[in-house]
Amino acid sequence: MARGRKLKDLAITDTERIQLEFLVHGPDQEARYGKRARIILLSASGATNLEVAEQEHVAPVTVSKLRQRFLKARLNGLKDNKRPGRPQTDPKPLTLNETERAELDRMSSRPTSRQNTALRARIVLACAEGASDMAVSRDLGIDRKTVIKWRRRFLEMGLGGLGDEQRPGAPRQIGDDDIERVITMTLESVPKDATHWSTRSMAKASGLSQSAISRIWRAFALKPHKTETFKLSSDPYFIEKVRDIVGLYMNPPEHAVVFCVDEKSQIQALDRTQPLLPLRPGQAERRTHDYKRNGVTSLFAALNTITGEVIGRCYRRHRSVEFLKFLRVIDKSVPKDLDAHLILDNYGTHKTALIHNWLVKRPRFQLHFTPTSSSWINLVERFFGMITEKQIRRGVFQSVKALEIAITEYLEHYNENPKPFVWTKSADEIFNKIASFCGCINNS
């Protein structure tokens, strides 16, 4: 026996039944319209409101409401009614010119951009593509109100609207004159009892607080406590040599092997005066500050710029005789049908008559000398930095022989899986950077 009050039969036409079935089973139909159509079909079959509500898991009042809407407006009654509230209007179109688009692309992708600035730029770029506020908020994982805010700010103020507005707070107590005075003193003077300013000495001299000095220095990227080194080459053929060596790196010749050759001389076999205390939780490895010298050796190395393999030999002395021995090692390792281009510095042992006579008899060897004071252009220096950091600096060697064994073992392990160093800077980029640096120091 059917439960609930028997209502007046709900009759539907064949056309309406087809349309209701399409709402239920048709593709790309919204779920709420499908549920409403099923309620009408069940009601049309003679079911009571309570039966339909239990089957569709809705409230009986919902079934009654949909019956009344269907009887009054038929299929149109299943549509959503206009909801009360503030009328919604389409957002004003946002268009960008080429300059604005380029600046927004730079702001959104520059690694040094602040994250909030990059997000604002991405919001404006997405809105300029025609995406709705809801779509932009969904894609960027932010609130819709955030999208509306920065769309409106950009439309009103352009790129300047993407910055932070002046925030409320206490008025400034340090004026521009005080800031200029601190910067001028930092750049153009030194204290009487020191070579550079500290935050405390500058605070005492300027009459400001130490924290104020620290904030001013951070704002203008001033670091008086730090110092760096530089060296400009005075080689008259600097440009020609740089173009020659960079060309070998970036466009190596065919049927040839390019080696970066140099010597790491005077490597000390250092032994500590007392045994090391090993690493343990909460305590770093410890060693005595004093040491005992057990002699020195020199590492001759040739880095293959293509494969990354390193040919290395240790010799106790650093003369042209030892350099000639190393050249013979390179000669044996290079197939006879290939030329050998050697990049090396201007050390005296590389230019003696002994070396010259040996090279004359072997024309396949071609030497490319680096500019003076420009060891940075020789890639083998990067390998020397690695072996120093990983094997030599913290090593303990009781004899020169132990030091040479450690270096040889490192070379063997390194050559098992060599990785070439990739040169990326063109010669013109190097010259432009040097020109920019010279311009800065000339104007300082």
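In this report, the structure presented in the accompanying data block is examined.

Basis of the calculations
- Each chain carries its own residue numbering, running from 1 in the direction its sequence is written.
- Where local features are concerned, this predicted model is filtered to residues with pLDDT of at least 70; where side-chain atom pairs are given and counted, the filter is 80 or more; whole-chain, interface and lining totals use all residues.
- Hydrogens and water molecules were not included; the side-chain quantities draw on all heavy atoms of the structure.
- Between any two strands, at least two bridges found by DSSP are needed for them to pair.
- What counts as a helix is a DSSP run of H or I of at least four residues, what counts as a strand is a run of E of at least two, and both are numbered from the N terminus.
- Place the viewer so that the strands point away; then a crossover is right-handed whenever the path from the first strand over the helix to the second strand goes clockwise.
- Any Lys or Arg side-chain nitrogen located within 4 Å of an Asp or Glu carboxyl oxygen qualifies as a salt bridge.
- Like charges are joined within 9 Å and nonpolar side chains (Val, Leu, Ile, Met, Phe, Trp, Tyr) within 5 Å, but only among residues with over 30% relative accessible area and no salt bridge; these make up the patches.
- In these tables, accessible area is a Shrake-Rupley quantity obtained with a 1.4 Å probe, and a residue counts as shielded only by the protein chains included in the view.
- Only protein chains enter the calculation, and the probe is 1.4 Å; a residue is then buried if its accessible area is under 20% of its type maximum, exposed if over 50%, and partly exposed in between.
- Note on contacts: a residue pair is in contact if any heavy atoms of the two residues lie within 4.5 Å.
- Note on terminology: a nonpolar core comprises buried Ala, Val, Leu, Ile, Met, Phe, Trp, Tyr and Cys residues joined through side-chain atoms within 4.5 Å.

**Observations regarding the pairing of strand β5 (residues 365–369)**
Taken together, the five bridges between strand β4 (residues 339–344) and β5 define a ladder with parallel strand orientation. In the sheet register, Leu342 faces β5, and the bridge partner there is Leu367. The handedness of the β4 to β5 crossover, carried by helix α14 (residues 353–360), is right-handed.

**Some details on the pattern of salt bridges**
Across all of its chains, the model carries 16 salt bridges by this definition. Here Arg394 ties to Glu285 by a salt bridge, and the two come within 3.2 Å at their closest N and O atoms. Here the residue Arg394 occupies a position in the loop between α15 (380–392) and α16 (400–416), and Glu285 occupies one in the loop between β1 (256–272) and β2 (291–304), the gap between them amounting to 109 residues. Taking the shortest distance from any N to any O, the salt bridge between Asp331 and Arg362 comes out at 3.7 Å.

**Some words on a nonpolar patch on the surface**
A cluster of nonpolar side chains, contributed by Phe230, Leu232, Phe437 and Ile441, occupies part of the molecular surface with about 360 Å² of accessible area. Mapped onto the fold, Phe230 is located in the loop between α11 (210–219) and α12 (238–250).

**Examining the environment of Phe384**
Within the secondary structure, Phe384 is located in helix α15. Note on Phe384: relative accessible area 4%, which makes it buried. Setting aside anything within four residues of it in sequence, one finds Phe384 in contact with Asp262, Glu263, Lys264, Leu299 and Ala301.

**Comments concerning the nonpolar core**
Of all hydrophobic cores here, the largest spans 35 residues; its most connected members are Val242, Phe383 and Ile407. Breaking this core down by element, the ones donating at least two residues are α12, β1, β2, α15, α16 and α17 (427–442). Ranked by residue count, the leading element in this core is α16, at seven residues. Ala302, Ile311, Val334 and Trp358 belong to the second-largest nonpolar core, a separate cluster that totals 21 residues.

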